[in-house]
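The lines below spell out each chain.
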Amino acid sequence: MVSFFHAIIQDRRKYGKIGWNVAYDFNQSDFTISYRLLNMYLTKTHENKEEAIPWSSLKYLIGEAMYGGRVTDDWDRRIMMTYLEEYMGDFLFDKNREFFFAKTPDYDYKQPTVKSL
């Protein structure tokens, strides 16, 4: 999910003022620290056998601190936080309704399946 989020916000740059009101320099370090943060939170939640993943904390840290620290325009911040709302949440693990980042007749971008050991 962080990979897809990073790709989407990077891709918006090529559309100029339609993509972002200000040209932001999101880079690999933003992605790396966000990935590590997500990994740390998920590992901690699993090891402590907690029921709920702290999505609101993750969205705040990634959206407001890691990537959001570069965002100066309120509308840009709003769209970035909307992407995070769409890509992060318990719905990712819903077995009754599979989550797809994108789906067409030719391809589907979905989460990889995890095989039990």
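You'll find the structure just up there.
This text gives an overview of the structure that appears in the document. In this text, all values refer to a predicted model and were calculated from it rather than measured experimentally.

1. Digging into the overall build of the protein chain
Step number 1: Scanning the protein chain for helices and strands turns up 4 helices and 2 strands.
Step number 2: Of all intrachain contacts in the protein chain linking residues separated by at least 6 positions in sequence, the fraction that spans at least 24 positions is 57%.
Step number 3: In the structure as shown, the protein chain presents an accessible area of about 8300 Å², 53% of it carried by carbon and sulfur atoms.

2. Let's talk about the pattern of salt bridges
Step number 1: Tallied over the entire structure, the rule returns 4 salt bridges.
Step number 2: With a shortest N-O distance of 2.9 Å, lysine 14 and aspartate 11 are connected by a salt bridge.
Step number 3: The partly exposed category is assigned to aspartate 11, whose relative accessible area is 32%.
Step number 4: The salt bridge partner of glutamate 64 is arginine 77, with a shortest N-O separation of 2.9 Å. Residue glutamate 64 is located in helix H3 (residues 55–66), and its partner arginine 77 is located in helix H4 (residues 74–87); the two are separated by 13 residues in the primary sequence.

3. Description of H4
Step number 1: With 14 residues, H4 should cover 20 Å at 1.5 Å per step; its first-to-last C-alpha distance of 20 Å lies within 8% of that length.
Step number 2: Inspection of H4 places Asp76, Met80, Met81, Tyr83, Leu84 and Tyr87 among the buried residues, and these make up the whole buried set. With its buried residues spanning 150° around the axis, H4 presents them on a single face. What points out from H4, more than 90 degrees from its buried face, is the exposed set Asp74, Trp75, Arg78 and Glu86.

4. Considerations on the packing of helix H1 (residues 2–11) against H4
Helix-helix packing is characterised by the crossing angle of the two axes and by the distance between the axes.
Step number 1: Across the interface, H1 lies against H4 with an axial gap of 10 Å and an inter-helix angle of 150°. In terms of orientation, H1 and H4 fall into the roughly antiparallel class. Crossing of H1 over H4 shows right-handed handedness. Taking contact as the criterion, the partners of Phe4, Phe5, Ile8 and Ile9 in H1 are, on H4, Met80, Tyr83, Leu84 and Tyr87.
Step number 2: Partitioned by chemical class, the residues of the contact of H1 with H4 number 8 nonpolar, no polar and no charged.

Conventions and cut-offs
- Residues numbered from 1 in each chain as written.
- Predicted model: local features only at pLDDT ≥ 70, side-chain atom pairs only at ≥ 80, totals over all residues.
- Heavy atoms only, no water.
- Helix = DSSP H or I, 4+ residues; strand = E, 2+ residues; numbered from the N terminus.
- Contact = heavy atoms within 4.5 Å.
- Areas by Shrake-Rupley, 256 points an atom, 1.4 Å probe, with all protein chains shown as cover.
- Salt bridge = Lys/Arg side-chain N within 4 Å of Asp/Glu carboxyl O.
- Buried < 20%, exposed > 50% of the residue type's maximum accessible area, 1.4 Å probe, protein only.
- Expected span 1.5 Å × (residues − 1).
- Arc of directions from axis to C-beta.
- Axes fitted to C-alpha atoms, helices over the stretch in contact; angles between N-to-C directions.
- Parallel < 35°, antiparallel > 145°, perpendicular 65-115°, else oblique.
- Left-handed = near helix turned anticlockwise from the far one by under 90°.
- Nonpolar A, V, L, I, M, F, W, Y, C, P; charged D, E, K, R; others polar.

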